[in-house]
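Structure assessment
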Amino acid sequence: MNYFFDSHLHLTLKNQFSKNGNSTSPWKAITKEDLKEGLPKLLEIFALGLIDKMFGSQSSPDLLIQGGYKMVVMPLFAPDVDLVKALSSKKIFMDLLKKYKNSRFGEVLSYERYQQLLGAVNAFSIVENDLKILPAKDPFHPDRKIVFLNSKSQWKENEPDTLFVVCSVEGIHSLRSNLQESHADVILQDIRQNIQKIKSQGINIVMANLTHIDRNNRDFCNQAYAMDGMRVSNFDEKDLRPVDSGLTDAGKNLVDLLEENQICTDIKHMSPQARFQLYFYRQSKGIKSPLVSSHSGLCGIPFESAQEGFKDYVYSSVKEDKCYRVRVGKPVKYKFDNFPSPGFNASTINLFDEDVKAIYESNGLLGISLDERVIGYTKARRLGPDHFSANVGGITVKNQGRKYILTDTDFLSDHEYHDLNLFNTHRGQLLHQCADAEELTEMIRRNSTDIPPHQFHHFLNQILHGVKLGKDLEGAKGIEKMLTQILCVGSDFDGLIEAIDWCTSCMHTKKLKDRFIKQFPKALMDNHLFLPQNWTIERIADRLFYENGRDFVLSRLK
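Residues numbered from 1 in each chain as written. Predicted model: local features only at pLDDT ≥ 70, side-chain atom pairs only at ≥ 80, totals over all residues. Heavy atoms only, no water.

The end-to-end C-alpha distance of helix α12 (residues 272-285) is 20 Å, a good match for the 20 Å that 14 residues give at a rise of 1.5 Å each. Regarding α12, the residues found buried are P272, Q273, A274, R275, L278, Y279, Y281 and R282. Elements that come into contact with the buried residues of α12 comprise α11 (249-260), β6 (264-266), α13 (353-361) and α14 (414-419). Remark: G286 follows α12 within two positions and exhibits a positive phi of approximately 70°. (Helix = DSSP H or I, 4+ residues; strand = E, 2+ residues; numbered from the N terminus. Expected span 1.5 Å × (residues − 1). Buried < 20%, exposed > 50% of the residue type's maximum accessible area, 1.4 Å probe, protein only. Contact = heavy atoms within 4.5 Å.)

Below, the structure written as structure tokens:
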């Protein structure tokens, strides 16, 4: 079976930055060709690789149908105001938009649209507009159509040229009609009314993020830092750094509101303290509904245990205004032949073992992102004999001398840094177990074509750790549950992502699945793990790439 499911990909995001009147159609992929007038300058402003990956990441409905997708979860999303401010912080970028505003470039990246988004107060109107510009049928190929799936009776798996869609909410601000409103009860009532408006259109919301990447949702909970790529590219992203702590009382009321509407809480983008407090709140209230994380990576470690924890991988920690800048090593857990061992991105936006356990025990769904940064791939450069790019740190290993390790940069709020008992953190005790920068830079120097399969190993790394956690929780039964119920793909295609080289678009997902079938059994064996009894690798792949997500969504419909 070569049908596919995705728990988080965008159908309209690139069109949100287009000229009023919606001169672009979500059914037609926006590519670098549409930007050719201003593309050379755009490549100067942004990193070349970032632009290539952002516009290579495609999930327009026509491509999804061609690629064999049957069911997807589409986020309802209004761009965060502080994100648009950060993008606009480079005058050279805004000048470029002005210069080409009367060209095709200016239709796709509209200066006027940026000004509107900067001043947006009614975020929900952006969501409503998205739904209007997404026609039920492909205007270029009328035989292709979208069906918003609202009941089990609508589901017809073998209906040709049809994409079945349910929705999520990426950031609860997206359901707000007035971002300037400050009274929590009024905000919650507004969200309640807008949920009903969506439902009245026959659109089912399966899951919702309480927060996203800026502070528009601080009334409900603190967000995790998500924009290190912008920091590296010298954008002013300080307003995107978390400054609050945990889950508020209004956030708990929001969870109750979602429960009333049978909408699963999506823990992606929540800060670690907010997530841990959410689990405690659900337990205290007896909430048994599934938890989801729609498009995540795994940290590869517990936040805290007797054997290891987040502190053990902290390379450095420096106070900056209301935050701590924390550099975290990339834990290595699993081995692959003839390649450097891939490290996990242990930044706090990703899921610690405790988070995965909470999803597992709730019979939830965990979508693995296909963003190379999220799942742990990091570029590194050797600048001299003992001089590397800024994401490499040096440590001294007993009896081995100097070792250079890969790191990620994270930001935690002052409040959470202390609340999570990190204030006395010194250089971690397990940094010697982190990914080796010299191995990676040597591989890049020797043969850059080796990078795509190395990035694929980062994807396998995620699944391997899920299997290991399933085994730790319930032995062989846990492995089977993890592979045949919990895990799926939540690519974040068409988002602002750097997709892994092996799978940059929904048209390449079959290649990813085929490679998974070919290589995963050996990866399991090499790391002392195993497939569940009576399951072939082909059937496991069908579950992971399609059936797990399909069955989860259908279980939420009447």
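Past the structure itself, the notes keep going.
Applying the stated rule across the entire model yields 40 salt bridges. Put simply, R218 and D244 hold a salt bridge, and the shortest N to O gap is 3.0 Å. Pair noted here: R218 is in the loop between β5 (205-209) and α10 (228-232) and D244 is in the loop between α10 and α11, with a separation of 26 residues, a long-range link. Residue class for D244 comes out buried when judged on its relative accessible area of 17%. One salt bridge connects R275 with D355, and the closest N-O pair in it is separated by 3.0 Å. With R275 in helix α12 and D355 in helix α13, this pair connects stretches of sequence that are 80 residues apart. The buried category is assigned to R275, whose relative accessible area is 0%. Residue classification places D355 among the buried positions, given a relative accessible area of 0%. (Salt bridge = Lys/Arg side-chain N within 4 Å of Asp/Glu carboxyl O.)

If you trace the backbone, K319 turns up in strand β8 (residues 314-320). C-alpha separation for the pair K319 and I146, spaced 173 residues apart in sequence, amounts to 49 Å. In this structure K319 touches Y324 and D414, once residues within four positions along its chain are discounted. A polar side-chain atom of K319 sits 3.5 Å from the main-chain carbonyl oxygen of D321. Looking at K319, its side chain comes within polar contact range of the side chain of D414, at 3.4 Å. (Polar contact = N/O pair within 3.5 Å; in protein donor to acceptor, adjacent residues only side chain to side chain.)

Here the focus is empty space enclosed by the protein. The gaps left among the atoms become clear once a water-sized probe is rolled over them. Counted under the stated rule, the structure contains five cavities of 30 Å³ or more. When its volume is computed, the largest cavity comes out at roughly 70 Å³. Taken together, 13 residues form the lining of the largest cavity, with S341, P342, L406, A435 and H454 sitting closest to its centre. Of the residues belonging to the lining of the largest cavity, the class tally is six nonpolar, five polar and two charged. Every residue lining the second largest cavity is counted, 13 residues in all, and those nearest its centre are L11, K14, N15, I30 and D494. Within the lining of the second largest cavity, the residues separate by chemical class into five nonpolar, five polar and three charged. (1 Å grid on protein atoms, 1.4 Å probe; cavity = no way out; pocket = protein on both sides within 12 Å on 5 of 7 lines; lining within 4 Å. Points joined across faces, edges and corners; volume = space filled by probe spheres on them. Nonpolar A, V, L, I, M, F, W, Y, C, P; charged D, E, K, R; others polar.)

Our next topic: the layout of surface pockets. Counted as a void, the second largest pocket has a volume near 340 Å³. Looking at the lining of the second largest pocket, the elements that each hand over two or more residues are α13 and α16 (451-486). Residues of the lining of the second largest pocket, tallied by class, amount to five nonpolar, three polar and seven charged.

Turning to the side chain of N350, a few remarks are in order. Mapped onto the secondary structure, N350 falls in the loop between β9 (323-329) and α13. Under the relative-accessibility criterion, N350 is labelled buried at 1%.

The next subject is the packing of α11 against α12. Packed helices, taken two at a time, are described by their axes: the angle between them and the distance between them. Interhelical geometry of α11 versus α12 gives an angle of 60° and a closest axis separation of 11 Å. Taken as axis vectors, α11 and α12 run oblique relative to one another. When you trace α11 past α12, the crossing you get is right-handed. Residue-level contacts link K252, V255, D256 and E259 of α11 to L278, Y281, R282 and K285 of α12. Split by residue class, the contact of α11 with α12 holds three nonpolar, no polar and five charged. (Axes fitted to C-alpha atoms, helices over the stretch in contact; angles between N-to-C directions. Parallel < 35°, antiparallel > 145°, perpendicular 65-115°, else oblique. Left-handed = near helix turned anticlockwise from the far one by under 90°.)

Take helix α17 (residues 509-526) next. For α17, which comprises 18 residues, the first-to-last C-alpha distance of 25 Å matches the rise-based estimate of 26 Å (1.5 Å per residue) to within 8%. The largest bend in α17 is about 40°, located at Q519, with the proline P521 one to four residues further on. Those residues of α17 hidden inside the fold are in contact with β1 (4-6), β2 (69-76), α16 and α18 (537-555). With its phi angle positive at about 60°, H528 sits one or two positions after the end of α17. (Bend = angle between axes of the 7 residues up to and from the residue.)

Moving on, we come to the packing of aromatic side chains. With the rule as written, the count across this model stands at 20 aromatic pairs. Centroid distance F93 to Y114: 5.7 Å. Interplanar angle 80°. Geometry classified as edge-to-face. Linking F93 in helix α5 (residues 91-99) with Y114 in helix α7 (residues 111-118), this pair joins segments that are 21 residues apart in sequence. Here F93 matches Y114 in class, with each residue buried. Measuring from ring centre to ring centre gives 6.3 Å for F456 and F459, while their planes differ by 35°; the resulting arrangement is tilted. Taken together, the residues F456 and F459, both in helix α16 and three residues apart, mark about one turn of the helix. One exposure class covers both F456 and F459, and it is buried. (Phe/Tyr/Trp six-rings, centres within 6.5 Å; stacked < 30°, edge-to-face > 60°.)

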